[in-house]
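# Architecture and fold: a report
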Amino acid sequence: MRRLYPVPTADEAARETFDTLDALADAYAYPAPRAEGAAWLRGNMVASLDGAARHDGRSQSLSSAADMRIFGVLRGLADAVVVGAETVRQEGYRPAKARDAFAERRAALGQPIAPLIAVVSARLDLDFSLPLFTEPLVPTLVVTGAQADPARVRAAQASGAEVVVAGQGVRVDPAEVVSALAGRGLTRLLTEGGPRLLAQFAAAGALDELCLSIAPLIAAGTAPRIMDGPGLAVPERFTPSAILEEDGFLFTRYVRA
């Protein structure tokens, strides 16, 4: 894996390597907090050359070995992984694993042994018998609105999940998701989508960074883009922070200007 941007000097290019998890973890380290207790929300998505976020209903078809390494590193750095209910159903989400490669780094930052999974769902239309809810190393969070169906809230709690309220009505407020998690000390946030949830975070002005893997593939079809929802009134500018490359895949990192 090599760095394309910022453009390395000849000396940097000769000695740089991103082939270890430690090197990737350093390259993708979260920035210092802007203020005490402030959260940083990073999105991670993969897309084909024609903009598809999925193929045959899943993102894995667009991925690569390098993309999965970065996927694992981003999880290894996060306090919590925020994901939409539809993505949980489609991708077959399981609890995050504790990985020895990140144990020392996480302990130094006071993080739990594995990132929490925070599932955002207004209707709580989830199978709470799944291992994601019944067998996590750290309790899974279910983020919903204040007026969510009480029976479904009880079902979530009975599974062992913790319910977090983010929104005054039935719907979930994306900005309140970030503040509610930050209030629990979860400030290094990673969202893996899906496209609807990522669009909601962007529209709410809550997305600080986007890590976008661009696969050298054309998917065609009618798959959603990485963001699928109402657009911003005015496009928001993001600036490139880094671009890595391996086997034709581009691993880009953009930060809100």
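See the structure shown above.
The paragraphs below set out a description of the structure included in this document. Not measured: the values here are computed from a predicted model. (Residues numbered from 1 in each chain as written. Predicted model: local features only at pLDDT ≥ 70, side-chain atom pairs only at ≥ 80, totals over all residues. Heavy atoms only, no water.)

### A short note on the sheet that holds strand 4 (residues 116-120)
Selection criterion: Only when DSSP finds a minimum of two bridges between them are two strands counted as paired. Secondary structure elements follow DSSP: runs of H or I of four or more residues count as helices, runs of E of two or more count as strands, with numbering from the N terminus. Lines are fitted to the C-alpha atoms to define the axes, a helix being fitted only along its stretch in contact, and any angle between axes, read from their N-to-C directions, falls within 0 to 180 degrees.
The sheet built from ten strands is open, its strands ordered 1-9-10-8-2-7-3-4-5-6 with mixed pairing. Two strands bound the open sheet, and with one partner strand each, they are strand 1 (2-5) and strand 6 (162-165). With strand direction ignored, the average angle separating the axes of adjacent strands in the sheet is 25°. Of the strand pairs in this sheet, strand 3 (residues 80-84) and strand 7 (residues 188-191) are connected by three bridges, and their pairing is parallel. Paired with A80 across the two strands is L189, which belongs to strand 7.

### Details of the packing of aromatic side chains
Test applied: Stacked, tilted and edge-to-face pairs are distinguished by plane angle, under 30 degrees for stacked and over 60 for edge-to-face with tilted covering the rest, among Phe, Tyr and Trp rings (Trp via its six-membered ring) whose centres lie within 6.5 Å. Three labels apply to residues, based on accessible area from a 1.4 Å probe with only protein chains included: buried if under 20% of the type maximum, exposed if over 50%, partly exposed otherwise in between.
With the rule as written, the count across this model stands at two aromatic pairs. With 4.9 Å between their ring centres and 70° between their planes, F128 and F133 make a pair best called edge-to-face. You can call F128 buried: its relative accessible area is 8%. Between F249 and F251 the ring centres are 6.3 Å apart and the planes differ by 10°, which places this aromatic pair in the stacked class.

### Focus: the pattern of salt bridges
The test is simple: By convention in these notes, a salt bridge is any Lys or Arg side-chain nitrogen within 4 Å of a carboxyl oxygen on Asp or Glu.
Taken as a whole, this structure holds 16 salt bridges when the rule is applied. Taking the shortest distance from any N to any O, the salt bridge between R188 and D79 comes out at 3.4 Å. Here D79 lies in the loop between helix 3 (65-77) and strand 3 and R188 lies in strand 7, a separation of 109 residues in the sequence. In this structure R188 comes out as partly exposed when scored by relative accessible area, which is 22%. For D208, the salt bridge identified is with R256, shortest N-O distance 2.8 Å. Here R256 lies in strand 10 (residues 249-256) and D208 lies in the loop between helix 9 (195-203) and strand 8 (209-214), a separation of 48 residues in the sequence. Residue class for D208 comes out buried when judged on its relative accessible area of 4%.

### Re the side chain of T140
Put simply, the rule is: Whenever a nitrogen or oxygen atom comes within 3.5 Å of another N or O atom, the pair is scored as a polar contact, on the condition that within protein one atom can donate a hydrogen and the other can accept it, and that pairs from neighbouring residues in sequence are kept only if both atoms are in side chains. By definition in these notes, contact holds between two residues if any of their heavy atoms fall within 4.5 Å.
Examined against the element boundaries, T140 turns out to sit in the loop between helix 6 (131-134) and strand 5 (141-144). Looking at T140, the relative accessible area reads 1%, which means it is buried. A polar contact of 2.5 Å, which involves the side chain of T140, links it to the backbone oxygen of L132. Once residues within four sequence positions are removed from consideration, T140 is found in contact with I117, V119, L132, F133, A161 and E162.

### Some remarks on helix 8 (residues 174-183)
Listed in full, the buried residues belonging to helix 8 are P174, V177, V178, A180, L181 and A182. Capping the start of helix 8 is the job of one residue whose side-chain oxygen sits 2.9 Å from the backbone nitrogen of A175: D173. Following helix 8 by one or two positions, G185 adopts a phi angle in the positive range, close to 85°.

Honestly, that's just the spatial picture; any functional story needs more than this.
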